Amino acid sequence: VIEGEQDYSDLYPGMEDIFYNGFQEGAKTGNQDIDSYLNFEHSQLTIITGAPGSGKSTLGNYMYVELARNHGWKFAMFSPEFGNVQYHIRQLVRQYTGKCMPSDVRVIEEKHGVRVSDSQIMSLEEYQEAYNFCSKHFFLFDLKKADKEKIHNSFSQAVKRHGVNAVVVDPFNK
């Protein structure tokens, strides 16, 4: 027997189930444009690549929030990309509500030259709901001098303590 080689007789019961029932689809975000190309399963590795500043972290946060909202997923996250966990929480809260915080309005209006309508600004109640949601689904780690062992150990503990289903490492791009 060659190491790693699969014996067809051992695989047959599972293949017969696939014959009748097909593959179980993974979790979807609820966005047809994304879901037509991608779904998520436990033990799956998903890598988002692109040039610095191209929106990789924003796309990731969108998908994580939707997986948490639609399927109850919980995430352990190490993201030096955001600089500090408060900034990352802010991004997740904004993604959850689809609105900006009152403190964002002046910057958005000056930088982009557009007027932000009242309906685009989250209320305190919306903020509190989003913050509470995030506190139950996103476990953020601020690890100084992190190495892969430290990150792995922290994530392993988060899986045991919080029932985390997915982990995210969003490295800092210089």
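This text goes with the structure placed above it.
Let me sum up the structure you'll find in this document. Numbers given for residues are sequential positions, taken from 1 along each chain in its written order. In keeping with the model being predicted, local features are shown solely for residues with a pLDDT of at least 70 and side-chain atom pairs are shown and tallied solely at 80 or more, while totals for entire chains, interfaces and linings include all residues. Here the side-chain values reflect all heavy atoms present in the structure, with hydrogen atoms and water set aside.

1. Topic: the sheet that holds strand E2 (residues 138-141)
(1) Moving on: Whether two strands pair depends on DSSP finding at least two bridges between them. The helix and strand labels rest on DSSP assignments: H or I over at least four residues marks a helix, E over at least two residues marks a strand, and numbering proceeds from the N terminus. Pairing is parallel in the open sheet, where 3 strands are placed in the order E2-E1-E3. Both outer strands of the open sheet, E2 and strand E3 (166-169), are each paired with one neighbouring strand and no more. Here the strands of the sheet are splayed against their neighbours by 20 degrees on average, with no regard to which way each runs.
(2) Moving on: As paired strands, strand E1 (residues 75-78) and E2 are joined by 4 bridges and run parallel to one another. Note that in E2 the partner of methionine 77 across the bridge is leucine 140.
(3) Moving on: For this analysis, residues touch if any pair of their heavy atoms sits within 4.5 Å. For helices, the fitted axis covers only the stretch in contact; all axes are lines through C-alpha atoms, and the angles between them, taken along N-to-C directions, range from 0 to 180 degrees. Packing against the sheet, helix H3 (residues 56-71) makes contact with E1, E2 and E3, and its axis sits at approximately 160 degrees to E1.

2. Some details on the pairing of E3
(1) Moving on: Throughout this description, buried means an accessible area under 20% of the type-specific maximum (1.4 Å probe, protein chains only), exposed means over 50%, and partly exposed covers the range between. Going residue by residue along E3, you find Ala166 and Val168 tucked away on one face and Val167 and Val169 left uncovered on the opposite face.
(2) Moving on: Looking at chain direction, E1 and E3 are connected through 4 bridges and run parallel. Across the sheet, residue methionine 77 finds its bridge partner in E3, namely valine 168.

3. Remarks on the layout of surface pockets
Once rolled over the atoms, a probe with the size of a water molecule shows which space is left empty.
(1) Moving on: Estimates place the volume of the largest pocket at around 590 Å³.
(2) Moving on: Here a cavity denotes a set of grid points, spaced 1 Å apart and computed over the protein atoms alone, in which a 1.4 Å probe fits but from which it cannot get out, and a pocket denotes an open set meeting protein on both sides within 12 Å along at least five of seven lines; residues with an atom within 4 Å of a point are reported as lining. Around the largest pocket, the lining is made up of 31 residues, and of these Thr46, Tyr64, Val167, Val168 and Val169 lie nearest the centre.
(3) Moving on: Where the lining of the largest pocket is concerned, the elements lending two or more residues are H3, E1 and E3.
(4) Moving on: For the lining of the largest pocket, the element with the most residues is H3, which contributes 7 residues.
(5) Moving on: Of the residues assigned to the lining of the largest pocket, the class counts are 16 nonpolar, 11 polar and 4 charged.
(6) Moving on: By volume, the second largest pocket amounts to about 480 Å³.
(7) Moving on: In terms of lining, the second largest pocket is formed by 22 residues, of which the most central are Thr58, Tyr87, Gln91, Arg94 and Gln95.
(8) Moving on: Looking at the lining of the second largest pocket, the elements that each hand over two or more residues are H3 and helix H4 (85-97).
(9) Moving on: Under the grouping applied here, Gly and all other residues not named as nonpolar or charged are polar, the nonpolar ones being Ala, Val, Leu, Ile, Met, Phe, Trp, Tyr, Cys and Pro and the charged ones Asp, Glu, Lys and Arg. For the lining of the second largest pocket, the per-class residue count stands at 6 nonpolar, 11 polar and 5 charged. Grid points are joined across faces, edges and corners, and a volume is the space filled by probe spheres set on the points.

4. Overview of helix H7 (residues 148-162)
(1) Moving on: Relative to the 21 Å expected for 15 residues at 1.5 Å per residue, H7 spans 20 Å between its end C-alpha atoms, a close match to the ideal helical length.
(2) Moving on: Those residues of H7 lying buried are Ile151, Ser154, Phe155 and Ala158. What you see down the axis of H7 is that its buried residues fit within an arc of 100 degrees, all on one side. Exposed residues lying more than 90 degrees from the buried face of H7 are Glu149, His152 and Lys160.
(3) Moving on: Buried residues along H7 sit in contact with E1, E2 and E3.
(4) Moving on: Think of a polar contact as two N or O atoms within 3.5 Å of one another; within protein, one of them needs to be a possible hydrogen donor and the other a possible acceptor, and neighboring residues in sequence only count if both atoms come from side chains. At the N-terminal boundary of H7, the capping side chain belongs to aspartate 147, with an oxygen 3.1 Å from the backbone nitrogen of glutamate 149.
(5) Moving on: With its phi angle positive at about 70 degrees, glycine 163 sits one or two positions after the end of H7. Between the first and last residue of a helix there are one fewer steps than residues, each counted as 1.5 Å, and that sum is the expected span. Think of the arc as the fan of directions from the helix axis to the C-beta atoms.

5. Observations concerning the packing of H4 against helix H6 (residues 124-137)
(1) Moving on: Across the interface, H4 lies against H6 with an axial gap of 9 Å and an inter-helix angle of 115 degrees. It follows that H4 is roughly perpendicular to H6 by the angle criterion. Taken as a pair, H4 and H6 cross one another with a handedness that is right-handed. On H6, the residues that touch Ile89, Leu92, Val93, Tyr96 and Thr97 of H4 are Glu126, Tyr127, Glu129, Ala130, Tyr131, Phe133 and Cys134. By the definition adopted for this analysis, an angle is roughly parallel if under 35 degrees, roughly antiparallel if over 145, roughly perpendicular if from 65 to 115, and oblique otherwise. By definition, any crossing whose near helix is turned counterclockwise from its far helix by less than a right angle is left-handed, and any crossing with a clockwise turn is right-handed.

6. Remarks on the nonpolar core
(1) Moving on: Core analysis: the biggest nonpolar cluster contains 22 residues, and Trp73, Phe75, Met77 and Phe138 have the highest contact counts within it.
(2) Moving on: Secondary structure elements with two or more residues in this core: H3, E1, H4, H6 and E3.
(3) Moving on: Beyond its immediate sequence surroundings of up to four residues, phenylalanine 138 is in contact with Tyr64, Val65, Ala68, Phe75, Met77, Leu92 and Phe133. We define a nonpolar core as any set of buried Ala, Val, Leu, Ile, Met, Phe, Trp, Tyr and Cys residues linked to one another through side-chain atoms lying within 4.5 Å.

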